[in-house]
Amino acid sequence: MNDCLPEQTYIWQFLEEKIKKVLDSYCYKEIRFPIVEKTALFTRSIGEVTDIVEKEMYTFEDRNGESLSLRPEGTAGCVRACIENGLLHNQQQKLWYKGQMFRYEKPQKGRYRQFNQIGIETYGIADADADAEVILLSADFWRTIGLTDVELQINSLGDEQSRAKYREVLVEYFRNSYELLDEDSKRRLEKNPLRILDSKNPEMADLVKNAPNLLEYLDEESERHFQRVQEYLNAAGISYVVNPRLVRGLDYYNRTVFEWVTTKLGAQGTVCAGGRYDGLVEQIGGRATPAVGFAIGVERIIALLEVCGVEISSKLPNVYIVSLGDKGQEQAFSVSSILRNEIDGITIMQNSGGGSFKSQFKKADKSGAGIALVIGEDEVEKGIVGLKYLREKREQETVSVSEIVSRMRELI
Ligand code: HAM
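Residues numbered from 1 in each chain as written. Predicted model: local features only at pLDDT ≥ 70, side-chain atom pairs only at ≥ 80, totals over all residues. Heavy atoms only, no water.

Topic: the environment of Pro244
1) Next: Note on placement: Pro244 falls in the loop between strand 8 (241–242) and strand 9 (254–261).
2) Next: Separated by 98 residues in sequence, Pro244 and Gly146 place their C-alpha atoms 29 Å apart.
3) Next: If near-sequence neighbours (up to four positions away) are discounted, Pro244 is found in contact with Asn155, Asn213, Leu214 and Leu215. (Helix = DSSP H or I, 4+ residues; strand = E, 2+ residues; numbered from the N terminus. Contact = heavy atoms within 4.5 Å.)

In structure tokens, the structure reads:
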């Protein structure tokens, strides 16, 4: 679990602001739901035989003996909140959220126990255009923040029946090579065999590579749906790779699944992942409602921005106010509050804790401000403010207090 220090927060804010703009442009609305939910919500939706539920949840009993867990992801909580608040009945919803998620994973680069996701979920649209829209929206994220090193992989898991059929074939295939399976896969064979396809064990790579192809078992409707998603993506000019081994680590998906991956972050290369989950709302107790969404891993995107050399500069103060003497310090408060009230968005760093002119100017330079306003006893007496340019070579000026607002408006 990491601290996010001031020299990093501006990068987070940059990312969040840009992403919020894209979300606004698609008319998605923000939803906020708790970090803690009943454990059963996650076990039922994510799946009993998944890494998350089996070994990664932060689970505890509250004082009443109820089992609660820190959310390991946002989809389950979002669905629960929508059902409880009646957002899904006869309605379409396009929602987004951001926040901390918690998984007791082995920490390594790009994999943390507390991490941040920005997720979107749409409800009430079964058509492939919803799948295409969420994928397009994610592509717009990358464009807006200047990321180019990500590849879109897509797959279709089909419907329940076609997946059941595929499951049988797959179990049969793996059973025939039982001795080649690692312990994890042996355990998964009966309960969650599709996840074996996701194995990262190099010793099983050949076995997985030669496994039957999921796409050959798709039902007609899912095949058409997947075809349509691809046609929309083609029409929008989004490149992608169909990866029939992409199965995802959570159980609630059906039909379209997708991941945005990069080779630049080592083992944790998936920066965004999601898909369709038409059965989940009903499974959690709502009326059957089609749904599709994704979540991005914010830490991974930030790491990728860094690796790709995307320059993000922090916002520097417009003004540093240097003041001397009791009267000067009092006037500094008056001038800064006038400027803050009158000029929307102005950023002012007022010297705190006194100090000589020299030491205050040192601090002003260090702050990166463009302008220093200087207020000493002399200036107070004359009703003026000294104005010094800190980053360009320009003559120092004096401005009367009554004109400081209009002069500053011209300058920033
Ligand atoms: P997920 O694949 O488990 O899906 O997580 C989505 C993204 O969160 C990952 O691709 C990764 O970037 C990031 N992530 C996951 N675990 C960690 C970690 N331990 N440290 C850092 N980043 C991590 C979901 O969570 C689904 N709820 C996505 C979704 C939304 N599907 C439909 N709607």
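Don't stop here, the text continues.
Concerning the domain arrangement of the protein chain
1) Next: For the protein chain, the domain assignment lists domain 1 (6–159 + 219–307) and domain 2 (319–411).
2) Next: On a C-alpha basis, the centres of domain 1 and domain 2 stand 48 Å from each other. (Domains from an automatic or database assignment.)

A look at the packing of helix 2 (residues 39–46) against helix 4 (residues 75–84)
1) Next: It is the contact of helix 2 with helix 4, at a shortest axis distance of 9 Å, that shows an interaxial angle of 110°. Relative to helix 4, the element helix 2 lies roughly perpendicular. Read as a crossing pair, helix 2 and helix 4 show a hand that is right-handed. Residues Leu41, Phe42 and Ser45 of helix 2 form the contact with helix 4, whose own contacting residues are Ala76, Gly77 and Arg80.
2) Next: In the contact of helix 2 with helix 4, the residues fall into three nonpolar, two polar and one charged. (Axes fitted to C-alpha atoms, helices over the stretch in contact; angles between N-to-C directions. Parallel < 35°, antiparallel > 145°, perpendicular 65-115°, else oblique. Left-handed = near helix turned anticlockwise from the far one by under 90°. Nonpolar A, V, L, I, M, F, W, Y, C, P; charged D, E, K, R; others polar.)

Some thoughts on the sheet that holds strand 8
1) Next: Here eight strands make up an open sheet; going across it, the order is 1-5-6-11-10-9-7-8 and the pairing mixed. If you trace the sheet from one side to the other, it starts and ends with strand 1 (29–30) and strand 8, each paired once.
2) Next: Direction of pairing for strand 6 (residues 114–123) relative to strand 11 (residues 291–297): antiparallel, over a ladder of seven bridges. From the neighbouring strand, Thr122 faces strand 11, where its bridge partner is Val292.
3) Next: Helix-sheet contacts for helix 4 involve strand 5 (93–102) and strand 6, and the interaxial angle to strand 6 is about 45°.
4) Next: The strands touched by helix 9 (residues 220–235) are strand 7 (151–156), strand 8, strand 9 and strand 10 (270–276); relative to strand 7, the strand with the most contacts, the crossing angle is about 160°. (Pairing = 2+ DSSP bridges.)

What about a nonpolar patch on the surface?
1) Next: Residues Ile35, Val36 and Phe60 make up a contiguous nonpolar surface patch of about 210 Å² in total accessible area.
2) Next: Within the secondary structure, Ile35 sits in the loop between strand 1 and strand 2 (36–38). (Patch = residues over 30% accessible without salt bridge, like charges linked within 9 Å, V, L, I, M, F, W, Y side chains within 5 Å. Areas by Shrake-Rupley, 256 points an atom, 1.4 Å probe, with all protein chains shown as cover. Salt bridge = Lys/Arg side-chain N within 4 Å of Asp/Glu carboxyl O.)

Side note on the site of the ligand
1) Next: The local shell around the ligand holds 26 residues, among which Glu73, Thr75, Glu105, Glu121 and Tyr253 are the closest.
2) Next: Contact distances for the ligand include 3.0 Å between an oxygen atom and a side-chain N or O atom of Gln117.
3) Next: In this structure, Thr270 approaches the ligand through a main-chain N or O atom, which is 2.8 Å from an oxygen atom.
4) Next: With the chains in place, 96% of the 660 Å² that the ligand exposes on its own is no longer accessible.
5) Next: Secondary-structure elements contributing two or more residues to the shell around the ligand are strand 6, strand 10 and strand 11.
6) Next: Considered class by class, the residues forming the shell around the ligand number 11 nonpolar, eight polar and seven charged. (Near = heavy atom within 4 Å. Polar contact = N/O pair within 3.5 Å; in protein donor to acceptor, adjacent residues only side chain to side chain.)

Let's talk about the sheet that holds strand 2
1) Next: Spatial strand order, 2-4-3: three strands in an open sheet with antiparallel pairing. Strand pairing shows two members of the sheet lacking a second neighbour, strand 2 and strand 3 (59–61), which therefore form its edges. Across the sheet, the axes of successive neighbouring strands diverge by a mean angle of 35°, strand direction being ignored.
2) Next: Looking at chain direction, strand 3 and strand 4 (residues 67–70) are connected through three bridges and run antiparallel. Residue pairing across strands places Thr59 opposite Ser69, the latter belonging to strand 4.
3) Next: In this fold helix 2 packs onto strand 2, strand 3 and strand 4, with an angle of close to 75° to the strand it touches most, strand 2.

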